[in-house]
Amino acid sequence: MEFPQSRFHSRLEFCPECGSVLPRPGPPSSICCPRCSFCLQCSGFEGRSVRSRLQFNGLGLGWGRGGGGPSPQEGPTVDLRCPRCGHEGLWFRTRQTRSADEGQSVFYTCPRCRFQEKEDS
């Protein structure tokens, strides 16, 4: 099987044609890009090393699924009443939870009872 040569030179972990991340070399004798189907022979990777590092955010940050709500220093206050305890003044933060052409979601948190609700714009 004949393998085409790329016009570009790139780092080993990226496709030299389109720039996509290449899968790790495995048992097959070639590596094919999942995006543009450009293939490289695994023999070209012999004697070379590719290092990668994966770092996860801590669970105590309060953003995403794992943490609690924001602390008082982390969010501005809006003049709304908590539907659960009646406290006046809720913290809020915004996140882009849907596609970029849609509005942001606003998350409100009561500083007293930690009740949370979400409003989609």
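Residues numbered from 1 in each chain as written. Predicted model: local features only at pLDDT ≥ 70, side-chain atom pairs only at ≥ 80, totals over all residues. Heavy atoms only, no water.

### Details of the pairing of strand E6 (residues 116-120)
- The sheet contact formed by strand E5 (residues 105-109) and E6 spans 5 bridges and is antiparallel. Bridged to Tyr108 within E6 is Glu117.
- What sits between the antiparallel neighbours E5 and E6 is a turn of 6 residues, in which Arg114 has the positive phi angle 65°. (Pairing = 2+ DSSP bridges. Helix = DSSP H or I, 4+ residues; strand = E, 2+ residues; numbered from the N terminus.)

### Side note on the sheet that holds strand E3 (residues 77-81)
- Read from one edge of the open sheet, 4 strands run E3-E4-E5-E6, paired in antiparallel fashion. Of all the strands in the sheet, just E3 and E6 have a single pairing partner and so form its edges. Taken over all neighbouring pairs, the strand axes of this sheet differ in orientation by 40° on average, direction set aside. (Axes fitted to C-alpha atoms, helices over the stretch in contact; angles between N-to-C directions.)

### Observations concerning the state of the cysteines
- All chains considered together, the criterion is met by 1 disulfide.
- A sulfur-sulfur separation of 2.0 Å characterises the disulfide bridge that pairs Cys32 with Cys39. Taking the sign of the S-S torsion, 95° for the link of Cys32 and Cys39, the bridge is right-handed.
- We classify Cys32 as partly exposed; its relative accessible area is 34%.
- For Cys39, a relative accessible area of 13% corresponds to the buried category.
- Free of any disulfide, Cys18 has its nearest cysteine sulfur in Cys33, 3.6 Å distant.
- Classification of Cys18 as partly exposed rests on a relative accessible area of 27%. (Disulfide = S-S within 2.5 Å. Buried < 20%, exposed > 50% of the residue type's maximum accessible area, 1.4 Å probe, protein only.)

### Things to note about the confidence of the model for the protein
- With 71% of its residues at a pLDDT of 70 or more, the protein has an overall mean of 76.
- Element-level pLDDT for the protein is lowest in strand E2 (residues 39-41), with a mean of 81, against a maximum mean of 91 in E3. (pLDDT = per-residue confidence, 0-100.)

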